[in-house]
Amino acid sequence: MTGKTAPPATDPAPVAPKKEPVPTPKEEPAPAPADEKPPAPEHPPATEKPTAPADEPAPVPTAEATPAPEEEPPSSPLSLAVDEVSENSFTLTWKAPEQTGQSGLDGYVVEICKDGSTDWTAANKELFLSTRYTVQDLSSGDKIHVRVKAVSASGASVPATLEQPVLIREILQLPRIRMPRHLRQTYVRRVGDAVNVMIPFQGKPQPEVIWTKGDQPLDTSRINIRNTEKDTIFYIREAQRSDSGKYELAVRINGAEDKATLDIRVIEPPSPPQNMKLVDVWGFNVALEWAPPVDNGNSEIKGYMVQKSDKKSGKWFTALERCTRTSCTISDLIIGNTYSFRVFAENACGLSEKAAIASGVAHIKKTKTVYQPEKIPQRDMMEPPKFTQPLTDRTTTRGYSTHLFCCVRGFPQPKIIWMKNQMEIREDPKYIAMIKQGVCSLEIRKPNPFDGGIYTCKAVNPLGEASVDCKLDVKGKIGQGDRGAGLLAYLFPFSPSQWCGLSLFCADPGDAGA
């Protein structure tokens, strides 16, 4: 609000030297000495000061003379539009001009003119810097032309003018298009389908609805438009490819309007691919190539479907359902058959009506094959015995059977020998020895304290031998019968059969005769 409608009077210093430098200073010095004497002494010092510094007065007029021709008025305000209209006023909005000059803007001037008249009058008495202004005190029913100028110290810009006059009447609700969500993106239909689109809007009083395509009116022979108070209906009975494009919808009340765009794409199946050929045949495989279709049906090609047909059956079978490239390899073909191939193009509308057929056929020949067994290098598996899991010391209770375990490996399979206190355990029902998958086990059935001792597992094969030891401790009281049996077992660790032979050998000859 620094500028006013009378800037030359309030700001003579900046304006006078630029547009009216000569008349203003010439008229002011004459009345000044007559009315007031203080200004007279003020001018002489001003004149004395330039005389003292000889360099200052010369550049001052040159500085005032050079910017006058160089600096230009600001450019026109941008995007002038009507924001609100009532029964006795309306509100304008705009954007600041692109070029404002070195001195900047002093403000804007809003001028109005009644329809049918050529007299433009300023609506604002003082300059203002806001880009919004309300023109008041108007009569309902008037049509007012409006223009806005940008003003700076170098002058006024070319006015920005509304194309249509503003009708002064109350707008209870500004126009607004409520575009449905599914219409905010491309609306896709097939050729021959009906296009029936309803777009609601709002605004009071009833707004004016305008449809265009490429800034041109619609072809009413193909497109039907029906407008109501709350919506507009866009209808095409049978869509064609030529109906594709962007349609502009404008809803207008006086100078206020809202715009939206309806993007329609009408698609159809693509044309068949081009120049399909058989590139190579080897083994059970065939390589194919082709070129994209000439017409994609107004939609992107999603892929190609490749089919094969053998000469015997004559039926077509799908080999590749959706191939994204223009070449492929078909495998797993049957020996002795002759095959033909064809390919379809596919887009959002579906497969092409016709297919491209390969010019040649592929014959899968029978080839003689000779079986060559795989040569496996022989490996020396011979290995001396080696215990991978040793025996562990155990403690058991009298009368409860116990087991001793260890693991051994070697090739040829080693012979396992169990020993107690360095004496070999042979055929004795008290001991059960087993070996399975390299796991050696010895079961001691119902041991007594005299069965305790050092047990050794010895493995022997032609390449060597190995052994492991463990200590077995049997807890429990020793009975009278155990003492004699234990002593005999310790002194004579023989099997039952050996005991029988020993008893016969030691028998008294007299007893035998008896």
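Rules used throughout
Residues numbered from 1 in each chain as written. Predicted model: local features only at pLDDT ≥ 70, side-chain atom pairs only at ≥ 80, totals over all residues. Heavy atoms only, no water. UniProt positions renumbered as here; feature names shortened; annotations may be inferred. Helix = DSSP H or I, 4+ residues; strand = E, 2+ residues; numbered from the N terminus. Buried < 20%, exposed > 50% of the residue type's maximum accessible area, 1.4 Å probe, protein only. Contact = heavy atoms within 4.5 Å. Areas by Shrake-Rupley, 256 points an atom, 1.4 Å probe, with all protein chains shown as cover. Polar contact = N/O pair within 3.5 Å; in protein donor to acceptor, adjacent residues only side chain to side chain. Pairing = 2+ DSSP bridges. Phe/Tyr/Trp six-rings, centres within 6.5 Å; stacked < 30°, edge-to-face > 60°. Lys NZ or Arg CZ within 6 Å of the ring centre and 35° of its normal.

Under an unreviewed UniProt entry, the name given to the chain is Myosin-binding protein H, and the organism recorded is Otus sunia. As its UniProt record puts it under Function (unreviewed entry), the chain is described as follows: "Binds to myosin; probably involved in interaction with thick myofilaments in the A-band." Taken from UniProt, the Sequence similarities (unreviewed entry) comment for the chain reads in full: "Belongs to the immunoglobulin superfamily. MyBP family."

Novice: Teacher, can you tell me more about the overall build of the chain here?
Specialist: A count of helical and extended segments in the chain gives ten helices and 36 strands. In the chain, buried positions account for 32% of the 514 residues. Residue pairs in contact within the chain that sit at least 24 positions apart in sequence constitute 63% of those at least 6 positions apart. Of the roughly 32700 Å² of accessible surface on the chain, a fraction of 51% belongs to carbon and sulfur atoms.

Novice: It is not clear to me how unusual backbone geometry should be interpreted in this structure. Could you clarify?
Specialist: Phi is mostly negative for residues that are not glycine, and the peptide bonds are mostly trans. Of note, the bond from K204 into P205 is cis; its omega dihedral lies within 30 degrees of zero at -5°. Assignment of secondary structure puts P205 in the loop between β12 (195-204) and β13 (208-213). Even without being a glycine, D215 presents a positive backbone phi close to 60°. In this structure, D215 sits in the loop between β13 and β14 (216-217).

Novice: Where do I start with the side chain of T338 in this structure?
Specialist: Relative to the helices and strands, T338 resides in strand β24 (residues 338-347). Polar side-chain contacts of T338 include one of 2.9 Å to the side chain of H363. When near neighbours in sequence (up to four residues on either side) are disregarded, T338 contacts S309, D310, K311, V361, A362 and H363.

Novice: What exactly am I supposed to notice about the sheet that holds β13 here?
Specialist: The pairing of strands in a sheet comes from backbone hydrogen bonds and takes either a parallel or an antiparallel form. Read from one edge to the other, the open sheet built from five strands follows the order β11-β18-β17-β13-β14, with strand pairing classed as mixed. Each having just a single partner strand, β11 (187-190) and β14 make up the two edges of the open sheet.

Novice: Explanation requested: the packing of aromatic side chains in the structure shown.
Specialist: Remark: the centre distance and the inter-plane angle together describe each pair of aromatic rings, the angle taken between the planes. For the structure on display, the rule yields nine aromatic pairs. Both rings, one in W211 and one in F234, keep their centres 5.2 Å apart while their planes meet at 45°; by these two values the pair is tilted. Here W211 is found in strand β13, whereas its partner F234 is found in strand β16 (residues 231-236), with 23 residues between them in sequence. Grouping residues by exposure puts W211 and F234 together as buried. An aromatic cluster is present here, built from W94, Y108, F128 and Y133 joined pairwise through their rings. One Lys or Arg, R147, reaches over the ring of W120 and ends 4.2 Å from the middle of that ring. Sitting over the ring of W316, R342 keeps its end group 4.3 Å from the ring centre.

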